[in-house]
Amino acid sequence: MKRIITILCTIMLVIMPVSGVHAKADQEQTIEGKAKKIAEFMIQNYGVTSLQYTIMDKGKIILSDAAGFHDKASQKMVDQDTMYGIGSVSKMYVTAAAMMLVDSGKIDLDKPLTTYITDFKMADPRYTEITPRMLMNHSSGLYGSHYGNSMLFDDNDTRNKDELLLKLQTEPLKSKPGEYSVYSNDGFQLLEILVERMSGQSYSQYVNQFISKPLQLQSTKTPLDTFNRDKLAGAYWPTLQPKMPVENANILGTGGLYSTSEELTQFAEVLMGNHSDILSEASAKSMQSSEYRKGIWVSDEVNSFNYGLGWDSVELAPFSEYGIKALAKGGDTMMYHGILITIPEHDISMAVLSSGGSSIFNQMFATKVLLELLNEEGVIDHIKPDKTFSTPVKTAMPAELENYSGLYGMVGTTLEIDIQDGAFTLPGLLGGIIPEQQYVFTGDGYFTSEDGSVKVSFVKESNEKIYVKVQGYISLPGLGQVAMTTYDYQKLEHNKLDQVTTERWAARNGSKYFALDEKITSIFYLVPSILIKNLQVDLEHGYVNGTRITDENNTENVAEIPVMNGRDAFDLNLMNKQGAEILIQNGQEYIAEQAIQPIFGGRSGITTIPANGQARWYAISGKTAEKTITVDSPDQGGYAVYNEQGEVLHFSIATGEKTTKLPQKGFIVFGGNAGDIFRIHVK
């Protein structure tokens, strides 16, 4: 999920006695001291509540530590036994599980997936070409992610996985299987189903029997396992005070495991080929292959993305600049963040897990510490300084580059690139880490950012599509640099609309649609941008939210972008249902704002969840504006309140509070089981 990351860079300087400063300086020269210093800096400056980290070197743990609060209220600190959600690092477990079945002869990576999941069907006939390998290297051509009801508070409902095959039956592919790799969560959901079908066990049982037991892992669990939830690191939401309920990422193969940093490094021994009793050395080696090179990809510059089987990177920068092959897998849920980096040729791995922050921050932390270790062990003779940049010098641009002006898009948006006088502007990239700015032509086909750290060029690929290529170094105070090379935008063609279609979509421009199918236990009620869809219609070119309009009520995905920005694609389909316009995206329904009724204006009232179990939305205004309400909810029910701008003001599932003050204008949503009754009192 794309998130805007706010970075606080103020460093507090504390005056200490001279002897104390010397003692601290000596301590900070050790690997342990340097790691602790970075960990404390992240907690102070990067929105991290707690983190835990471990280094395994040649089969032995040489560093294991933790920092921050397990619980803010009690001031209890985390330790090495504290558990964290590991997010998409979970993909390495389901990949390894499938590779174990390859070792036993039950799966062939290059046979059609339909050989093993016979009820896997899609609307696009090319689905029969998808293989297990393509699920692992992100080249299946699947749209990407069905996020609905995947991340829930204190709720291990598996409906997301249970409904996936049914939803895929009505979906097309966005590209020919194997044509290129772009991040896809659904591929690993399908791998989870594959492991279950071919092993005859639930995925949780398989992980426990064939990974956790042989490695004697006590804290590697799924939400479906029985374990002490108090061991999970406390998680907090930036705009809310109390500790959040337990987060269950119920997409187990994609991102649902919990673990500790020590147990992650133990599992890394399997991934490096050091546990042939669990996974053959040949299979571990094949997972490290440069799978990304099999399809369309950005040219081989230093990068944090170069997919293997399961791995985000099999040639991770900056290690690649030292001639060292490092592998990495990062992961983010809504509450937890993780990174696992392994260096197979030196039998070293490091895991960093956190509550709050970001997997990018954790990756940069691990990179700095591992470079220090490699330097200390003599593997490298020095640590290269961070790249420095200078203000670009604008030069004369060849006139033919102006032909790259025009309409571009990625999943979710379109924009016009207008190259004038050797310069153009791009909006913020990487969720705002790279700010909106102008790029000027500096020669050799490159346009360079104002500070010189980002270069942009235009590339025509073998599929005849033109992409905006972005090469950048992201520098974060105290953490260092990370290199990114991606295709960010794809050039699009004008899509001419007839008058009736134009008028229909013009009337929807700026309209909001509100999620009906998301369980009230979903963490997404804290992220309105996921629950509330805002249609941005580009009538001039014939697009809506980056999708191409096909008729009065439907659009289709056009993004075919390798690496990351073509992920999580969608179509839009609109229909009328009982007098209300309904938007369908990724198999979930959203009701138009115009169909939402105002909440009652009296002192008390009730609302009931309908028989189909969908949420009930109401508008806040008039008599209910700025009133205080108390809601008596059923056991499985809850409610959330949003202001006119769509910002969450209250979410009862997260806070446990029954009472809240309503905004002057906004929305309130109630969710629960079919037939649940909510009693509402207004003061």
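A few points on the structure.

Each value, and the rule that gives it
Here the residue numbering is sequential within each chain, running from 1 through the sequence in written order. Residue-level local features of this predicted model are given only where pLDDT is at least 70; pairs of side-chain atoms are given and counted only at 80 or more, and the full residue set underlies all totals for whole chains, interfaces and linings. Hydrogens and water molecules were not included; the side-chain quantities draw on all heavy atoms of the structure. Secondary structure follows DSSP: runs of H or I at least 4 residues long count as helices, runs of E at least 2 residues long count as strands, and numbering of each begins at the N terminus. For the radius of gyration, the atom set is restricted to C-alpha positions; the globular benchmark scales as 2.2 Å times the number of residues to the power 0.38. The buried label goes to any residue with under 20% of its type's maximum accessible area, the exposed label to any with over 50%, and the partly exposed label to all in between, with areas taken from a 1.4 Å probe on protein chains only. Note on contacts: a residue pair qualifies if any of its non-hydrogen atoms lie within 4.5 Å across the two residues. Here, Shrake-Rupley sampling with a 1.4 Å probe gives the accessible areas, and only protein chains in the shown set may cover a residue. Any pair of nitrogen or oxygen atoms within 3.5 Å is treated as a polar contact; in protein, a donor-acceptor pairing is required on top of that, and neighbouring residues in sequence qualify only through side-chain atoms on both sides. Axis definition: a line fitted to C-alpha atoms, over the contacting stretch in the case of helices. Angles run 0 to 180 degrees between N-to-C directions. Roughly parallel means an angle under 35 degrees; roughly antiparallel means over 145; roughly perpendicular covers 65 to 115; every other angle is labelled oblique. Put simply, Ala, Val, Leu, Ile, Met, Phe, Trp, Tyr, Cys and Pro go in the nonpolar bin, Asp, Glu, Lys and Arg in the charged bin, and everything else, Gly too, in the polar bin. One speaks of a salt bridge when a side-chain nitrogen belonging to Lys or Arg is within 4 Å of a carboxyl oxygen belonging to Asp or Glu. Following DSSP output, two strands are said to pair if at least two bridges run between them.

1. Things to note about the overall build of the protein chain
Scanning the protein chain from N- to C-terminus turns up 14 helices and 35 strands. Whereas a compact globule of 683 residues would reach a radius of gyration of roughly 26 Å, the protein chain reaches 25 Å, a difference of no more than 12%. Residues classed as buried in the protein chain amount to 59% of the 683 residues present. Pairs at least 24 apart in sequence give 67% of the contacts found in the protein chain among residues at least 6 apart. Only carbon and sulfur atoms are counted for the fraction: they give 48% of the accessible area of the protein chain, which is about 27,600 Å².

2. Topic: the side chain of N495
Note on placement: N495 falls in the loop between β18 (480-491) and α12 (499-506). From its side chain, N495 meets the backbone oxygen of G542 in a polar contact 2.9 Å long. If near-sequence neighbours (up to four positions away) are discounted, N495 is found in contact with H541, G542, Y543, R548 and I549.

3. Topic: the side chain of N250
Along the chain, the position of N250 falls in the loop between β6 (247-249) and α8 (252-255). Overall, the relative accessible area of 3% leaves N250 in the buried class. Of note is the side chain of N250, whose polar atom sits 2.9 Å from the backbone oxygen of D155. At 3.4 Å, the side chain of N250 forms a polar contact with the backbone oxygen of D157.

4. As for unusual backbone geometry
Residue P318 is bonded to the preceding A317 through a cis peptide linkage, with omega at 5°. When you line up the elements, P318 lands in the loop between α10 (281-287) and β8 (327-332). Not every positive phi belongs to a glycine, and Q75 is a case in point at roughly 65°. Tracing the chain through its elements places Q75 in the loop between β2 (60-71) and β3 (76-77). Judged by relative accessible area, which is 46%, Q75 ranks as partly exposed.

5. Topic: the packing of helix α5 (residues 159-168) against helix α6 (residues 186-199)
Helix packing for two helices is described by the angle between their axes and how far apart those axes are. At their nearest, the axes of α5 and α6 sit 11 Å apart, and the two run at 105° to each other. Overall, the two elements α5 and α6 adopt an arrangement that is roughly perpendicular. Every residue of α6 that contacts α5 at N160, K161, L164, L165 and L168 is listed here: D186, Q189, L190, E192, I193, E196 and R197. Of the residues contributing to the contact of α5 with α6, the split by class is five nonpolar, two polar and five charged.

6. Quick notes on the pattern of salt bridges
Using the criterion set out here, one finds 28 salt bridges in the structure. A salt bridge links E129 to K176; the shortest N-O distance between them is 2.8 Å. Separated by 47 residues along the polypeptide, E129 in the loop between α3 (91-103) and α4 (132-136) and K176 in the loop between α5 and α6 bring together distant segments of the chain. The shortest N-O distance in the salt bridge between D421 and K394 comes to 3.3 Å. Here the residue D421 occupies a position in the loop between β12 (413-417) and β13 (423-426), and K394 occupies one in the loop between α11 (359-376) and β11 (406-410), the gap between them amounting to 27 residues. Under the relative-accessibility criterion, D421 is labelled exposed at 63%. What you see here is one network of salt bridges that share partners, running through D110, R133, E291 and K294.

7. Remarks on the pairing of strand β9 (residues 336-343)
The buried fraction of β9 is high, at eight of eight residues. On β9, burial covers both faces: Y336, G338, L340 and T342 on one face and H337, I339, I341 and I343 on the other are all buried. Hairpin geometry of β8 and β9 is characterised by an intervening segment of three residues between the two adjacent antiparallel strands. Alignment of β9 against strand β10 (residues 348-356), held across eight bridges, turns out to be antiparallel. Paired with G338 across the bridge in β10 is L353. Count of turn residues in the β9/β10 antiparallel hairpin: four residues, of which D347 carries a positive phi of about 55°.

8. Considerations on the sheet that holds β3
Reading across from one edge, β3-β2-β1-β10-β9-β8 is the order of the six strands in this open sheet, with antiparallel pairing throughout. Strands at the two margins of the open sheet, each flanked by one partner only, are β3 and β8. Alignment of β8 against β9, held across six bridges, turns out to be antiparallel. By the bridge assignment, G331 is partnered in β9 with G338. Lying on the sheet, helix α2 (residues 31-45) is in contact with β1 (48-57) and β2; it crosses β1 at an angle near 155°.

9. Considering helix α9 (residues 261-271)
With nine of its eleven residues buried, α9 lies for the most part within the structure. Directly beyond the C-terminal end of α9, a positive phi value near 90° is found at G273.

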